[in-house]
Amino acid sequence: LSQRAVERRSYARVMTTLRVLAGDELGYVRVCANAPAASDDDGESLHLIGKFGALNRASATLRMHHATPNAHGDDALTFTSLGTIVAARKGGRVDALDARSGAQKHKTLRVDGEIVDAYGSCSSATAMDVIVVHASGEVSTHGVEGDGDWKRRGSFTAMANALSADVDTRLGRIVIGGKDFGNDVMIYDIAEGKRLYKAKPPPVNWLNYRAPPWVSATCFASQSECVRFFVGTGEHRFRHYDTREAKRAVLELDMGNAVITSVASSADGNEAYVANARGLFEIVDLRAGRTRGKFRGNSGSIRQIAVHPDGMHVACGGLDQYVRVYDVKTKRAVASAYAKQALTSIVFDAYTPEVEAANAKSANKKAKKSTKVETDGSVKKLKKKVKRVVASDSEDDVPKKTKKTKKKLKMRIE
């Protein structure tokens, strides 16, 4: 066997279960999964195993994200335990879907006008807030409890024409950008509607001309506490901002020759993944200040990038109708699936069988621990009771009934 074949086989043995949800322009959410325990070819291929929703082009998905716990939620909540996908759709619709079954967890949220994106935050398994970014530049917050109706919590106007946004639900921050002067990238506190940061436009060029802002993609850097963020522009420029340093980008790179459609952060925040409208998909090493390589194989516009929670895999979906999953370290495509329709959004479903098994194992450990604590507590109580009986009087002074009780307690402890 060749060296590459050996590497493929060894990788297939250690590869985790991959499950990807991809939204298309027909309104469906398509489910793709692999079988890592199978043969090499099956283990490295995604299979289209089903789809959620109904045929409706007017409600095609725009973006999808995992609902995440907010600052007021239970510490035990994680996005994997919630298992909820928030899908922003055309026509001002937002759906909260169960990642496993595709069933709607809450009623469909409907807002006026077109929307750009939507993000979900949860304080419990049944209560959810959704932050909706409107194309008009308005940011609105809506809440729901169980099967109840959505209630509008509040809103504010961030700019006049929004194109992209990213939300950190834990810190309650949003980075948002749009098109034309006055709509450059900004950071807001969602609860107060207060602007915390506004970027300065880039300097004029050699013709003394400054192009109007065109923020086509935005993303907070992971583990940066909303201090750092990435921007992709319609002039195929990638920018890295650090709010502690300056109002202008600390790094700016020219990426390809098409509009940047999506940017995403690596798990450690030290790299950025950048995709454009012509299938370019690159890695930017932020510490080195240059690109580290390309993910190859895409032939059409990439609409969204998804990063797996393990930080080892990244996926993309776009107009070439393929879902592709890459290994971040080797930049090699490890799985792919033909989705049969042009894709508009993509997200990993982290609640795989492996996660279910890990959760079950953790629950069993907790149950055993609680049982042990209860048993130890009962034994301690019995010992204290025996001591009280023994210390009360001498053997001769204790009544026969008390002697019998003492013997029974000793037998139970032994």
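Since the structure is predicted, the reported quantities are computational estimates derived from the model, not experimental observations.

**Notes on the confidence of the model for the protein**
With 76% of its residues at a pLDDT of at least 70, the protein reaches an overall mean of 84. Within the protein, the element-level pLDDT minimum falls on helix 1 (residues 3–14), averaging 37, and the maximum on strand 22 (residues 271–276), averaging 98. Contacts from residues 1–15, a stretch scored under 50 in pLDDT, to residues over four places away or in other chains number 19 contacts. Segment residues 38–43: pLDDT under 50, and nine contacts once partners within four positions in sequence are set aside and those in other chains are kept.

**Quick look at a positive patch on the surface**
On the surface, Arg-195, Lys-198, Lys-200, Arg-210, Lys-247 and Arg-248 cluster together to form a positively charged patch. As for its position among the elements, Arg-210 is in the loop between strand 16 (194–198) and strand 17 (215–220).

**Observations regarding the pairing of strand 21 (residues 260–265)**
Most of strand 21 sits inside the fold, with six of its six residues counted as buried. Between strand 21 and strand 22, which pair antiparallel in sequence order, lie five residues; one of them, Gly-269, sits at a positive phi of approximately 80°.

**Topic: the sheet that holds strand 3 (residues 47–52)**
The sheet built from four strands is open, its strands ordered 3-2-1-29 with antiparallel pairing. Each having just a single partner strand, strand 3 and strand 29 (343–348) make up the two edges of the open sheet. The average angle at which neighbouring strand axes cross in this sheet is 25°, direction not considered. Relative to strand 3, strand 2 (residues 29–33) is paired through five bridges, and the arrangement is antiparallel. Bridging from a neighbouring strand, Val-29 pairs with Phe-52 of strand 3.

**A few points about the pattern of salt bridges**
Summed over the entire model, instances satisfying the criterion amount to 17 salt bridges. Notably, a salt bridge pairs Asp-349 with Arg-100, separated by 3.2 Å at the nearest N-O pair. Of the two residues, Asp-349 is situated in the loop between strand 29 and helix 4 (353–392) and Arg-100 in the loop between strand 7 (93–98) and strand 8 (109–110); the sequence distance between them amounts to 249 residues. For Asp-349, a relative accessible area of 1% puts it in the buried group. For Glu-271, the salt bridge identified is with Arg-292, shortest N-O distance 2.7 Å. With Glu-271 in strand 22 and Arg-292 in strand 24 (residues 290–294), this pair connects stretches of sequence that are 21 residues apart. Through salt bridges that share partners, Arg-237, Arg-239, Glu-252 and Asp-254 make up one connected network.

**Considering the side chain of Thr-141**
Among the structural elements, Thr-141 can be located in strand 11 (residues 138–145). The class for Thr-141 is buried, based on a relative accessible area of 16%.

Analysis parameters
Residues numbered from 1 in each chain as written. Predicted model: local features only at pLDDT ≥ 70, side-chain atom pairs only at ≥ 80, totals over all residues. Heavy atoms only, no water. pLDDT = per-residue confidence, 0-100. Helix = DSSP H or I, 4+ residues; strand = E, 2+ residues; numbered from the N terminus. Contact = heavy atoms within 4.5 Å. Patch = residues over 30% accessible without salt bridge, like charges linked within 9 Å, V, L, I, M, F, W, Y side chains within 5 Å. Areas by Shrake-Rupley, 256 points an atom, 1.4 Å probe, with all protein chains shown as cover. Salt bridge = Lys/Arg side-chain N within 4 Å of Asp/Glu carboxyl O. Lys, Arg positive; Asp, Glu negative; His and termini not counted. Charge placed at Lys NZ, Arg CZ, Asp CG, Glu CD. Buried < 20%, exposed > 50% of the residue type's maximum accessible area, 1.4 Å probe, protein only. Pairing = 2+ DSSP bridges. Axes fitted to C-alpha atoms, helices over the stretch in contact; angles between N-to-C directions.

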